[in-house]
Amino acid sequence: GAVVELRGVTKTYRLDRHVVPALRGVDLAVRAGELLALTGPSGSGKSTILNLCGLIDTPDEGAVHLGGVEVPPGDEAERTRLRRDALGFVFQSFNLVPVMTVAENVDYPLFLAGVGAKERRARVAAQLEAVGLQDHADHRPDALSGGQRQRAAIARALVKRPRLVIADEPTASLDSVTATQVLDLMRERGHAEGAAFVIATHDSRLTDRCDRVLALRDGRLQ
Ligand code: ADP
Ligand code: ADP
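As recorded in an unreviewed UniProt entry, the protein goes by the name ABC transporter, listed as coming from Piscinibacter gummiphilus. The UniProt entry for the protein carries this comment under Sequence similarities (unreviewed entry): "Belongs to the ABC transporter superfamily. Macrolide exporter (TC 3.A.1.122) family."

Here it is in structure tokens:
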């Protein structure tokens, strides 16, 4: 079954008296472990799809399903719970906490979830090893390269074993060799953990490394 599914989704923004259609009748299903890339020009609706899949926004029409169950659009408490327990996020600018070490950044979601110290240590160490940062556990983010920071962010996104990771332009602040390595790491880690990745990217050099690429134009999937 699909990890996340958009069914007949439309989304319209209203700015003053202007009506801006962002998505028009989008159907999308993402499988477990799949790395799906959304491409398309600026304003085509990529971020809107990520915000819907990430339960940050709700559709005007249609439905969002997570693990085969419709996400109740009006139940903010349930949406927050699902966002915390089933989703991970990776950002263009990494969003690591600068005063925490790499290990503490990766640990933080587990700490917030109340996971016990022994289990946290094991899971943080395993994630750091999987992204090749075991020797940088005690460094602060500003001592790392951009690629290493994004690897730390990927470890943090996966440490709670989410079903789905959302990433908006995750390689945009990286040089092209590093961007390719980070993309390959996301795909490999997603396959290994059974977590789907949905990423928005402008970078056409990366799209042949994804499991599937969908192009958006004017709020419609091509
Ligand atoms: P992309 O990520 O592909 O650049 P977006 O999903 O951000 O596209 O935007 C789709 C359309 O919705 C664009 O026309 C954009 O201007 C509009 N839009 C997005 N967010 C808002 C918002 N908060 N308020 C008004 N219009 C918005
Ligand atoms: P505390 O003193 O409260 O245990 P630490 O700063 O030592 O806090 O570590 C916080 C968490 O970060 C630990 O529970 C552990 O999960 C993780 N951690 C810290 N250092 C490492 C490391 N070198 N390797 C793996 N995990 C680590």
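A. Expanded view of unusual backbone geometry. One non-glycine residue, N95, lies in the positive phi region at around 55°. Within the secondary structure, N95 sits in the loop between β6 (87-90) and α3 (102-112). Despite not being glycine, R161 has its phi angle at roughly 55°, a positive value. As for its position among the elements, R161 is in the loop between α5 (146-158) and β7 (164-168). A relative accessible area of 53% places R161 in the exposed class.

B. Structural context of the site of ligand 2. Surrounding ligand 2, one finds A103, E104, D107, R120, R121, V124, A137 and D138. At a separation of 2.5 Å, an oxygen atom of ligand 2 approaches a polar side-chain atom of E104. Backbone polar atom of R121 to an oxygen atom of ligand 2: 3.4 Å apart, as the coordinates give it. Isolated, ligand 2 exposes 540 Å² of accessible area, and the fraction of that covered by the protein chains is 56%. Each residue belonging to the shell around ligand 2 can be placed in one class, and the counts come to three nonpolar, no polar and five charged.

Calculation criteria
- All residue numbers refer to positions counted from 1 along the written sequence of the respective chain.
- Following the order in which they are written, the chains are lettered starting with A and the ligands numbered starting with 1.
- Only residues with pLDDT of at least 70 are given local features in this predicted model, and only at 80 or more are side-chain atom pairs given and counted; all residues enter the totals for whole chains, interfaces and linings.
- Think of the side-chain values as coming from all heavy atoms in the structure, minus any hydrogens and water.
- UniProt positions are given in the numbering used here, feature names are shortened, and annotations may be inferred rather than shown by experiment.
- Counting from the N terminus, the helices are the DSSP runs of H or I reaching at least four residues and the strands are the DSSP runs of E reaching at least two.
- Each residue is assigned to one of three classes by its accessible area relative to the maximum for its type, calculated with a 1.4 Å probe on protein chains only: buried under 20%, partly exposed between the two thresholds, exposed over 50%.
- Summary of the distance rule: residues count as near a molecule or strand when at least one heavy atom falls within 4 Å of that molecule or strand.
- Under this definition, polar contacts are N or O atom pairs within 3.5 Å; protein pairs additionally need one hydrogen-donor-capable and one acceptor-capable atom, and for neighbouring residues in sequence, both atoms have to be side-chain atoms.
- The protein chains shown are the only cover counted for residues, whose accessible areas, like all others here, come from Shrake-Rupley with a 1.4 Å probe.
- Amino acids are sorted into nonpolar (Ala, Val, Leu, Ile, Met, Phe, Trp, Tyr, Cys and Pro), charged (Asp, Glu, Lys and Arg) and polar (every other residue, Gly among them).

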